[in-house]
Amino acid sequence: MPSSISSRGARWRGSRPSWLAPKVLRTEVLAGLVVALALIPEAISFSVIAGVAPSVGLFASFTMAVTTAVVGGRPAMISAATGAVALVIAPLNREHGLGYLIACVVLAGVFQIVLGGLGVAKLMRFVPRGVMVGFVNSLAILVFLAQVPELRDVPWAVYPLVAAGIGLMVLFPRITKAVPAPLVSVAALTVVTVAAGIAVPTVGDRGDLPSALPVPGLPDVPLTVGTLTTIAPYALAMALVGLMESLLTARLVDDLTDTPSDKRRESMGQGVANIVTGFLGGMGGCAVIGQTMINVRVSGARTRLSTFLAGAFLLVLCVVFGPVVSDIPMAALVAVMIMVSVAAFDWHSVAPKTLRRMPAGEIAVMVVTVGCVVATHNLAVGVIVGSLAAMAVFARRVARVVHVEAALAPGGDRVVYTVTGELFFASSDDLVGRFDYAGDPGTVVVDLSGARVWDASSVAALDAVEAKYAQRGKTVEITGLAGESAKLHGALSGELAGGG
């Protein structure tokens, strides 16, 4: 009997979830608690940006985290109320009220489910490395800049408290890593300020915490076409911004943890979370990279449990321990976020050694991305502009590698032009000027066996070459086309206007 019990216990231990292992469980629980503490002031700040009560942002952070922990595609990633979403929906709330904002959140969730089902996550493969590095660095800069107002026009005691908090987070891991250093720092500074009666700004100064659980309900708006047309543009913008930030954050966590994630599931999971959030009266949200970095890089969390507990602890801290949480000095949370910004920044990307070796175009893309994000405080704008800049750099670089070499055949009655490289809109115009229309003999061969035709612009350019020779009574033979290039040329040649 004892042996059978032992074998059953061994089988259970082998099949139980990884997060039930004591060491992992402790890490996940403590990570969730640290993230919950860091979410409170930010959720309140984003509520102010959106023009809603603090409870609306706090409830959103709770429901987004708990829901994505179950249905999301990236374990350990934190979703909550975010500044980017708040900026998108703030005008709608100002002009039409909270009911329309809630309806917008629900519709945005529907859009995200549809976009996720259509495979929008696959577009993330087109975000180049320079944009990703710029995304990470600009986020670190924004996290740091967000702490600057907390250090202006404050009692002098705030500065030594912030310094002490940073010092604790640097030194405490050298003693033990069993307890996250940010949690120790927050607890220690709170005890010191309360016990010593030090008057500094606290979490409670940012707004009242909710004292009751969220209640499900329908948005208080008329169910008309007019309502739909009013909220649809905001909902689509919110859906796109939310998906972009969430998928980029998921990709970053993939790299940090060296594990894959299901981007399609994450896209649809964000939609489900926003629908749930809307029906519970929250302002919606998406992945938050700052708190995700606290969870993954600083605290070492790796499973869905930390994400779920971050939301659960947030609600418990607000509803049950509101008076205690209200006494946490903002200096403690500022110290945590400063350390997060330092850890998040990719210092290797700006090292002189790296910059000397990096192509100028790659550096420009990173700088453009960072500049746009910092200027607009909108990560989505930076990623879009940075990606467009990367495309322009790539197109310019590829257009330069098209080569045309002419060789006169024995007898001088024909010339063979050998074209190599990628023919597309950026290189096709240059191609037309590479031929000696007046000086060439009567027969011209254009050998494209080393080239590839990508678009209608290239076909139009080849038609223009033939037309220019035809005007001089000369014939052109285009050879070497194969596969898709041959199909495209066959389908479009002679059908495009303006060839001559």
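Residues numbered from 1 in each chain as written. Predicted model: local features only at pLDDT ≥ 70, side-chain atom pairs only at ≥ 80, totals over all residues. Heavy atoms only, no water.

Novice: Quick question: what am I supposed to make of the overall build of the chain here?
Specialist: Counting its secondary structure elements, the chain contains 20 helices and six strands. A compact globule built from 500 residues would reach a C-alpha radius of gyration of about 23 Å, whereas the chain, at 29 Å, exceeds it by more than 25%. Projected onto its principal axes, the C-alpha coordinates of the chain cover approximately 100 × 70 × 60 Å. Burial statistics for the chain: of 500 residues in total, 51% are counted as buried. (Helix = DSSP H or I, 4+ residues; strand = E, 2+ residues; numbered from the N terminus. Rg over C-alpha atoms; globule rule 2.2 N^0.38 Å. Buried < 20%, exposed > 50% of the residue type's maximum accessible area, 1.4 Å probe, protein only.)

Novice: What exactly am I supposed to notice about the sheet that holds strand 3 (residues 403-408) here?
Specialist: By way of backbone hydrogen bonds, the strands of a sheet pair with one another, either parallel or antiparallel. Spatial ordering of the open sheet is given by 3-4-5-6, a layout of four strands whose pairing is mixed. Each having just a single partner strand, strand 3 and strand 6 (475-479) make up the two edges of the open sheet. Between one strand axis and the next, the sheet turns through 20° on average, direction left out of account. The pairing of strand 4 (residues 414-423) with strand 5 (residues 443-453) spans nine bridges and is classified as parallel. Paired with G421 across the two strands is A451, which belongs to strand 5. (Pairing = 2+ DSSP bridges. Axes fitted to C-alpha atoms, helices over the stretch in contact; angles between N-to-C directions.)

Novice: I tried to follow helix 9 (residues 225-257) on my own but got confused; where do I start?
Specialist: Since the α-helix turns once every 3.6 residues, residues separated by three or four places project in the same direction. With 33 residues, helix 9 extends 46 Å between its outermost C-alpha atoms, agreeing within 8% with the 48 Å of an ideal straight helix rising 1.5 Å per residue. Residue I231 marks the point of greatest curvature in helix 9, where the axis turns by about 35°; the proline P233 follows within four residues. Once helix 9 finishes, D258 follows within two positions and takes phi at roughly 55°, a positive value. (Expected span 1.5 Å × (residues − 1). Bend = angle between axes of the 7 residues up to and from the residue.)

Novice: Would you explain the pattern of salt bridges in this entry?
Specialist: Pairing is possible between side chains that carry opposite charge, provided their charged atoms lie close to one another. For the structure shown, the criterion picks out four salt bridges. A salt bridge links R414 to E477, with the nearest nitrogen and oxygen atoms 3.8 Å apart. Of this pair, R414 sits in strand 4 while E477 sits in strand 6; the two residues are 63 residues apart in sequence, bridging distant segments of the chain. One salt bridge connects K487 with E484, and the closest N-O pair in it is separated by 3.8 Å. (Salt bridge = Lys/Arg side-chain N within 4 Å of Asp/Glu carboxyl O.)

Novice: Quick question: what am I supposed to make of the nonpolar core here?
Specialist: Soluble globular proteins tend to bury their nonpolar side chains together. The biggest cluster of nonpolar side chains holds 103 residues, and the ones touching the most others in it are I40, L58, I89, L248, M283, I294 and L314. Looking at this core element by element, the count peaks at 12 residues for helix 2 (residues 22-50). Listed in part, the 22 residues of the second largest apolar core include F435, Y437, V444 and L448. (Core = buried A, V, L, I, M, F, W, Y, C linked by side-chain atoms within 4.5 Å.)

Novice: Help me out: how do you make sense of the side chain of S61 in this one?
Specialist: Inspection of the secondary structure assignment puts S61 in helix 3 (residues 54-71). Separated by 3.3 Å, the side chain of S61 and the backbone nitrogen of A81 make a polar contact. In this structure S61 touches A43, S79, A80, A81 and L314, once residues within four positions along its chain are discounted. (Polar contact = N/O pair within 3.5 Å; in protein donor to acceptor, adjacent residues only side chain to side chain. Contact = heavy atoms within 4.5 Å.)

Novice: Honestly, the packing of helix 2 against helix 3 in this entry has me stumped. Any pointers?
Specialist: Geometrically, a packed helix pair is captured by the angle between its two axes and the distance between the axes. Packing of helix 2 against helix 3 brings their axes to within 7 Å, and their N-to-C directions diverge by 125°. On the basis of the axis angle, helix 2 is oblique to helix 3. Once helix 2 is placed against helix 3, the crossing between them reads as right-handed. Two secondary-structure elements touch here, helix 2 through I40, A43, I44 and S47 and helix 3 through P54, V56, G57, L58 and S61. Taken together, the residues of the contact of helix 2 with helix 3 break down into six nonpolar, three polar and no charged. (Parallel < 35°, antiparallel > 145°, perpendicular 65-115°, else oblique. Left-handed = near helix turned anticlockwise from the far one by under 90°. Nonpolar A, V, L, I, M, F, W, Y, C, P; charged D, E, K, R; others polar.)

Novice: In this structure, what is going on with the environment of A464? I would like to understand it.
Specialist: Tracing the backbone shows A464 in helix 19 (residues 456-470). Residue A464 is classed as buried on the basis of its relative accessible area, which comes to 9%. Sequence separation between A464 and V432 is 32 residues, and the spatial gap between their C-alpha atoms is 7.1 Å.

Novice: Could you clarify how one ought to interpret the pairing of strand 3 in this entry?
Specialist: As a general feature of sheets, a regular strand has side chains that alternate between the two faces. Sheet topology places strand 3 next to strand 4; six bridges connect them, and they run antiparallel. Bridging from a neighbouring strand, A406 pairs with Y417 of strand 4. The loop that links strand 3 with its antiparallel partner strand 4 comprises five residues; one of these, G411, has a positive phi angle of about 100°.

Novice: Looking at this structure, how should I read the packing of aromatic side chains?
Specialist: Aromatic ring pairs are defined here through the distance separating the ring centres and the angle between the ring planes. Counted under the stated rule, the structure contains six aromatic pairs. Between F435 and Y437, the aromatic rings sit 6.2 Å apart at their centres with planes inclined by 40°, giving tilted as the arrangement. For the pair formed by F435 and Y437, the shared burial category is buried. When the centroid spacing of 6.3 Å and the interplanar angle of 85° are considered together, the rings of F435 and Y469 count as edge-to-face. Taken as a pair, F435 in the loop between helix 18 (425-432) and strand 5 and Y469 in helix 19 lie far apart in primary sequence, 34 residues in all. Given the relative accessible area of 8%, F435 is considered buried. The class of Y469 is buried, set by a relative accessible area of 0%. A network of ring pairs unites the aromatic residues Y417, F435, Y437 and Y469 as a single cluster. Directly above the aromatic system of W454 lies the positively charged group of R452, at a separation of 4.2 Å from the ring centroid. (Phe/Tyr/Trp six-rings, centres within 6.5 Å; stacked < 30°, edge-to-face > 60°. Lys NZ or Arg CZ within 6 Å of the ring centre and 35° of its normal.)

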